[in-house]
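Fold and contact review
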Amino acid sequence: MELALVVAVVVIALAFDYTNGFHDAANAIATSISTRALTPRVALAMAAICNFVGALLGTEVAETVGKGIINTPAGEHGLVIVLSALLGAITWNLITWYFGLPSSSSHALIGGLVGAGLASSSVVLWSGIVDKVVIPMVMSPAIGFLGAFVLMIAILWIFRRKNPGKTTRGFRLAQSLSAAAMALGHGLQDAQKTMGVIFLALLTTGHVAKGDGIPLWVKISAATAISLGTYSGGWRIMRTLGRRIIHLDPARGFASEAVAATVLYVMAIGLHAPVSTTHTITSAVMGAGATKRLSAVRWGVAKGIITAWVLTIPAAGLVAAGCYAIAHLILE
């Protein structure tokens, strides 16, 4: 039974990674497609490749998720907790994907872990959650908004006397690079979260020790799953992020992607924090768009997105707690 549960957790974790890919594909490429800097298929292929490469660039975020959110008991009981957390996260991902809301897969996963942990009376590491989740959750959108706003103001001032046609063409080319950087950051952040969950499952069954690194097969399988999910698309959320918040031009698309990618790298490599790529890029899009005029941003759409952000951790946690109650009865 224990081996079967390990296999089930790994398979479901990779399924979550796949849903993360198609749910968050918009994070990297929606702005590039909406400004016609890239065609949809080229953008998806580029994002899939960069997601795969980014997933292999580090393990800091994976270690935070695997060791810094909850302490799971050993054996089958711990596996049931991890399984329930994944089911809660996947369910919330599918709900928000259906309604086209760019919510955070990262926070869905963390909410699932906390919800299943509380339902099972496991130790929840609240200090780690505050330091590595809550504070970065507030900081990354704020930095994304302000950074993109300031960068776009600087771009408008620097290029104020340049030929508009040549400037637009130049930023279309630059946006291809910023979209690739964003996709690399997405892989660096989000694929590692799945690695962390698989590591947590292996830790509960004694297949790895707490001081061990992430096994190579875990890295490659998580990188493959998220890149395949990214290539499969995610058109509902892409429309919301690329067009419904604000109609972007190439310069604003470049500003939002460049700032968002920078935030992802700093949070992953410098602070080891599992931040939301969705929160970061959406805020950056709004910040760059606000340089036209504040009324140019469709704040009603933004309000709906922010509501989904606020609900994600508790909603995924509640679903995970319900999944734990059912799984506990059936499997234990």
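Computed from a predicted structure; not experimentally measured.

1. Some remarks on helix 8 (residues 216-231)
An ideal rise of 1.5 Å per residue puts 22 Å on 16 residues; helix 8 measures up with 23 Å between its terminal C-alpha atoms. All of the buried residues in helix 8 are Val218, Ser221, Ala222, Ala223, Ala225, Ile226, Ser227, Gly229 and Thr230.

2. Digging into the environment of Ala37
Among the structural elements, Ala37 can be located in the loop between helix 1 (2-34) and helix 2 (40-55). Residues Ala37 and Leu173, 136 residues apart in the sequence, show an inter-C-alpha distance of 6.9 Å. For Ala37, the residues in contact, after removing those within four places along its chain, are Ser32, Arg172, Gln175 and Ser176.

3. Details of the layout of surface pockets
Of the volumes computed, that of the largest pocket is approximately 210 Å³. Forming the walls of the largest pocket are 14 residues, and the residues nearest its centre are Leu156, Phe159, Thr167, Thr168 and Ala251. Of all the secondary structure elements, the ones that give two or more residues to the lining of the largest pocket are helix 6 (126-158), helix 7 (164-204) and helix 10 (250-270). Counting residues per element, the lining of the largest pocket draws most heavily on helix 7, at four residues. Computed from the structure, the second largest pocket encloses a volume of approximately 150 Å³. Lining the second largest pocket are 14 residues; nearest its centre among them are Gly111, Val114, Trp126, Ile129 and Ile313. Broken down by secondary-structure element, the contributors of at least two residues to the lining of the second largest pocket are helix 5 (105-119), helix 6 and helix 12 (299-331). In the lining of the second largest pocket, the residues fall into eleven nonpolar, three polar and no charged.

4. What about unusual backbone geometry?
It is generally the case that most residues other than glycine have a negative phi and that most peptide bonds are trans. The backbone phi angle of Ser121 is positive, close to 60°, even though this residue is not glycine. Among the structural elements, Ser121 can be located in the loop between helix 5 and strand 2 (123-124). Its identity as a non-glycine residue notwithstanding, His272 has a phi of 60°, on the positive side.

5. Quick word on the pattern of salt bridges
Scanning the entire structure with this criterion turns up two salt bridges. Of the charged contacts in the structure, one is a salt bridge between Lys193 and Asp190, with a shortest N-O distance of 3.1 Å. Within this pair, Lys193 and its partner Asp190 are both found in helix 7, separated by three residues, close to a single helical turn. The buried category is assigned to Lys193, whose relative accessible area is 1%. Looking at Asp190, the relative accessible area reads 0%, which means it is buried. A salt bridge links Arg252 to Asp249, with the nearest nitrogen and oxygen atoms 2.5 Å apart. On the basis of relative accessible area, Asp249 is assigned to the partly exposed category, the value being 22%.

6. Overview of a nonpolar patch on the surface
A cluster of nonpolar side chains, contributed by Val130, Val134, Ile135, Val138, Met139 and Ile143, occupies part of the molecular surface with about 460 Å² of accessible area. Residue placement: Val138 occurs in helix 6.

7. Focus on the UniProt feature "transmembrane region" (unreviewed entry) in the protein
In the UniProt entry, the feature "transmembrane region" (unreviewed entry) is given for residues 39-58, 79-100, 106-126, 138-159, 254-273 and 306-331. Between the C-alpha atoms that bound residues 106-126 the distance is 17 Å, and the span itself is 71% helix and 10% strand.

Conventions used here
- By convention here, each chain's residues receive numbers from 1 onward along its written sequence.
- Two thresholds apply to this predicted model, a pLDDT of at least 70 for residue-level local features and 80 or more for giving and counting side-chain atom pairs, whereas whole-chain, interface and lining totals are computed over all residues.
- Each side-chain value is derived from all of the structure's non-hydrogen atoms; neither hydrogens nor water enter the calculation.
- Counting from the N terminus, the helices are the DSSP runs of H or I reaching at least four residues and the strands are the DSSP runs of E reaching at least two.
- To estimate how far a helix should reach, multiply one less than its number of residues by 1.5 Å.
- We call a residue buried when its accessible area falls under 20% of the maximum for its residue type, exposed when it is over 50%, and partly exposed in between, using a 1.4 Å probe and counting protein chains only.
- Contact criterion: two residues are considered in contact whenever any of their non-hydrogen atoms come within 4.5 Å of each other.
- Here a cavity means grid points, on a 1 Å grid over the protein atoms only, where a 1.4 Å probe fits yet cannot get out; a pocket means an open set of points with protein on both sides within 12 Å along at least five of seven lines; lining residues are those with an atom within 4 Å of a point.
- Grid points are joined across faces, edges and corners, and a volume is the space filled by probe spheres set on the points.
- Residue type decides the class: Asp, Glu, Lys and Arg count as charged, Ala, Val, Leu, Ile, Met, Phe, Trp, Tyr, Cys and Pro as nonpolar, and the leftover types, Gly among them, as polar.
- Salt bridge, as applied in this entry: a Lys or Arg side-chain nitrogen positioned within 4 Å of an Asp or Glu carboxyl oxygen.
- Each patch is built from residues that are more than 30% exposed by relative accessible area and take part in no salt bridge. Like charges join if they lie within 9 Å; nonpolar side chains (Val, Leu, Ile, Met, Phe, Trp, Tyr) join within 5 Å.
- With residues, only the protein chains shown are counted as cover, and all accessible areas are computed by Shrake-Rupley using a 1.4 Å probe.
- UniProt positions are given in the numbering used here, feature names are shortened, and annotations may be inferred rather than shown by experiment.

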